[in-house]
Structure formats: C-alpha cells, structure tokens
Amino acid sequence: MKKLLKVLLGIIIVIVVLAGTAAAVIAIRGIPHYEPQKVEVKVEITPQRVEQGLKLATHLCLACHVPLNGVQMSGRELNDVPEEFGTAYSSNITKDPDHGIGKWTDGELIYFLRTGVKPNGDFAPPWMPKFAHMSEEDLFSIISYLRSDHPTVQPSTAVSVKCEPSFLTKFLCQFAFKPLAYPKEEIKTPDTTDLAVYGHYLVAGRYDCYPCHSANFKTININEPDKTPGFLGGGNTLMDNERRKIHSANITTDQETGIGSWTFEQFSDALRYGKKGETGLRYPMMPYTRLDDTEVKAIWAYLQTVSKIKNKVDRTLF
C-alpha cells in the first residue's frame, strides 16, 4: 500500500509540475504569432462601396475605434470587454502610414479581417471580430471606406496602446481561438428575395450578432456560428462603458423568455431606434439606425426559423 501511495504521489507531483510549466509557458509566450498568407487583390473604390463601407463601419467599427469625444478611428481603451479577458485597447486604423494602417495592402486588410492575422504575424485577441462569413463585396466596401476621404479615417499619429490580455485569453488563444481559414472560394452576398437566408447572413456574416447574444464568448463557434452553444439565447456577460455588467438578451422566439410575443413593429423599433419599453435598449447594444427596411425584415424572418431557447435572462446591471 505504501508503495502504491508513493507511486500515486509521484504521478501527482509530475502532473503538477507539467501543468505549472505549461502555464508558465503560456503566460510568457502570450498570444501566438502566425505567418500571414499573401493575398493578391486590388479593390476598385466606388462611391457606392464607400457609402456601404461607412454604413458597415458605423455598426461594426466606430464604437470601438473612435475615442470618446473624438472623430478619427485612432483607438481607445475598451471598457466594455469583460475583465476576465484582461485590459483591451483598440488600434489606430486611420490612414496614417506609421501609426495606422496606411501601408497595408488591400490583400493584407482582407486577410486580417477574415482571419485575425496582421501583416506582422500578430493575432488579434478575441474582442476583435473576425469576419469569416462576410461576403467579398461587403469586405471590399469596408476597405473602400478605409481608403476614402471620410473624416473618421484621416491620418492620426496616435500610438496604439498594447493590450494586456489575461492568462485566460492567452490560454484560449493557444487552444480555442485560432486564426480562421481563409476562404478557398468567393463568398457572395445572398439574394434578398429569400428573406430568411439573407437574414442568416446578416446575423452571422455581416453584423456579427450571435457572439454577444449567445451563451458565452468562451464557447463561440466562429467556423459554424449556428452550432454555438446557446445560439441567440442570450445570457452572455457584457459590460457597459462604466464597467457595469449586464447579460445579453434572449432573441430567440420563445414566448416567455425571448421575443416570441413581440410584433414586427416592436422588433423594428428596438433594432433601429433603441425603443424598448420605458427604458429603451442599453449599451453595449446600440441602435442600428442605418439598417434598411429589407435588412430589418430579413433579420426578423430569420429569427423565426431559429430554434427556441427557454432562457429567462436577468437584465439588471450588476
């Protein structure tokens, strides 16, 4: 018996040492670097693409990259990133060649937006969305906007502040959050005649709604969004600009705990104008004021097809 106990103790010690060593390596190594793939593409800039790119950037980029009371997308501290992920800062993505993305090629931009890997091999932390399912045309529109004369992208010499990811973030980036595969074929924007299909694209490809509205950021399935645990059932922990926590809403059509009892008009008012009851929507959920009628109808149509999840979410700040 004593011999067996000694063997077990030895095994436990070895496991503890190995775990400690692995943890130390992860903590020191941080978020891994990757060799970026060279993508040859030259985006034709048109007024239509610039306008569409501004629309997309308004809902996807400006809130994170424009400092409070600022104009240019020069980067800022992201107070709404959950504390468990560390201290986060967005980067300067203006046209400045030295401090922004002015020297990036169109191919480098599209590769980064899809995979999360920068031209220097840095991998963007989990708080930076990766648009693996966005159509080529929408990405070209974003790039056209970034190359435009719009005030938000004019050169800024602000130096991007280095993020301080937590051990959890470093760990997740080692094993769970890795660069997404660059598509082998062109991704096209779905035809708007099938509203539910188009709505799926808007939720999972264009506007990236599902990460916040699913169960937990740590279990997001970026490659197959629909297989994300608690898909659109809410309950994920978000933070407002004052670092108060709030759980995301259940937007499945469950009658009791989701939006199953809502009318289309109520949904449209909430999504586009932030109108909901007496208080309205609360940050970090922002009104999507630039959505057109077809987009709102498509998202509504798609949500009717999503599996209902009974999940009563406590929406009080804490």
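Here, residues in each chain are numbered from 1, in the same order as that chain's written sequence. The model is predicted, so local features are restricted to residues of pLDDT at least 70 and side-chain atom pairs to those at 80 or more, both for listing and for counting; the totals for chains, interfaces and linings are taken over all residues. The basis for the side-chain values is all heavy atoms of the structure; hydrogens and waters are excluded.

A. Quick look at the environment of Asp98. When you line up the elements, Asp98 lands in the loop between strand E1 (86-87) and helix H4 (106-115). A 1.4 Å probe rolled over the protein chains alone gives each residue an accessible area, and that area as a share of the maximum for its type sets the label: buried under 20%, exposed over 50%, partly exposed in between. Residue Asp98 is classed as exposed on the basis of its relative accessible area, which comes to 59%. A sequence separation of 38 residues divides Asp98 from Glu136, and the C-alpha atoms of the two residues are 27 Å apart. Under the scheme used here, helices are H or I runs from DSSP no shorter than 4 residues and strands are E runs no shorter than 2 residues, and both carry numbers assigned from the N terminus.

B. Representation of helix H9 (residues 264-273). Every buried residue of H9 is listed here: Phe267, Ser268, Ala270, Leu271 and Arg272. A contact between two residues is defined here by any heavy atoms of the two lying within 4.5 Å. Of the surrounding secondary structure, the elements contacted by the buried residues of H9 are helix H10 (293-303). The first or second residue beyond H9 is Gly274, which carries a positive phi of 75°.

C. Region of interest: a nonpolar patch on the surface. Within the patch definition used here, like charges are joined within 9 Å and nonpolar side chains (Val, Leu, Ile, Met, Phe, Trp, Tyr) within 5 Å, considering only residues with over 30% relative accessible area and no salt bridge. Method for areas: the Shrake-Rupley scheme with a 1.4 Å probe, in which residue coverage is limited to the protein chains shown. Whenever Lys or Arg places a side-chain nitrogen within 4 Å of a carboxyl oxygen from Asp or Glu, that contact is recorded as a salt bridge. Nonpolar side chains collect at one region of the surface, where Phe167, Phe171 and Phe175 lie side by side and expose about 320 Å² of accessible area between them. With respect to the secondary-structure elements, Phe175 resides in helix H6 (residues 167-175). Judged by its relative accessible area of 56%, Phe175 is exposed.

D. How the structure looks around the nonpolar core. Only buried residues count toward a nonpolar core. Its members are Ala, Val, Leu, Ile, Met, Phe, Trp, Tyr and Cys residues joined through side-chain atoms within 4.5 Å. In this structure, Met73, Tyr145, Leu146, Leu232, Phe267, Ile299 and Leu303 are the most contacted members of the largest nonpolar core, which totals 64 residues. Elements with a minimum of two residues in this core: helix H2 (47-60), H4, helix H5 (136-146), H6, helix H7 (195-206), H9 and H10. Each residue touching Met73, except ones within four places of it in the same chain, is listed here: Cys61, Leu62, His65, Val66, Ser91, Asn92, Ile93, Thr94, Tyr145, Leu146, Thr152 and Val153.

E. Spotlight on the packing of aromatic side chains. What counts as a ring pair is set by centres within 6.5 Å for rings of Phe, Tyr and Trp (its six-membered ring), and what kind of pair is set by the plane angle: stacked under 30 degrees, edge-to-face over 60, tilted for all other angles. Applying the stated rule across the entire model yields nine aromatic pairs. Considering the side-chain rings of Tyr210 and Phe231, the 6.2 Å spacing of their centres and the 40° angle between planes classify their relative orientation as tilted. Placement of Tyr210 in helix H8 (residues 210-213) and of Phe231 in the loop between H8 and strand E3 (237-239) is noted, with a sequence separation of 21 residues between them. Of the two residues, Tyr210 and Phe231, neither departs from the other in class, the shared state being buried. One aromatic cluster is present, formed by Phe167, Phe171 and Phe175 through successive ring pairs. Lysine NZ or arginine CZ positioned within 6 Å of the ring centre and within 35 degrees of the ring normal marks a charge as sitting over the ring. The ring of Phe123 has Lys130 lying over it, and the distance from NZ or CZ to the ring centre is 5.0 Å.

F. Local environment of the pattern of salt bridges. Counted according to the given criterion, the structure contains 19 salt bridges. For Lys310, the salt bridge goes to Glu256, with nearest N and O atoms at 3.3 Å. Residue Lys310 is found in the segment after H10, and its partner Glu256 is found in the loop between strand E4 (245-247) and H9; the two are separated by 54 residues along the sequence. The exposed category is assigned to Lys310, whose relative accessible area is 56%.

G. The packing of H7 against H10, seen in detail. Angles shown run from 0 to 180 degrees and are taken between the N-to-C directions of axes, each axis being a line fitted to C-alpha atoms and, for helices, limited to the stretch in contact. Direction vectors running N to C along H7 and H10 enclose 95°, while the axes themselves pass 7 Å from each other. The angle between H7 and H10 places the two elements in the roughly perpendicular class. Here Leu195, Ala196, Tyr198, Gly199, His200, Leu202, Val203 and Arg206 of H7 come into contact with H10, specifically with Thr294, Glu295, Lys297, Ala298, Ile299, Ala301 and Tyr302. In this classification, the charged set is Asp, Glu, Lys and Arg, the nonpolar set is Ala, Val, Leu, Ile, Met, Phe, Trp, Tyr, Cys and Pro, and all remaining amino acids, among them Gly, are polar. Considering only residue class, the contact of H7 with H10 consists of nine nonpolar, three polar and three charged. Angle categories: roughly parallel below 35 degrees, roughly antiparallel above 145, roughly perpendicular from 65 to 115, and oblique for all the rest.

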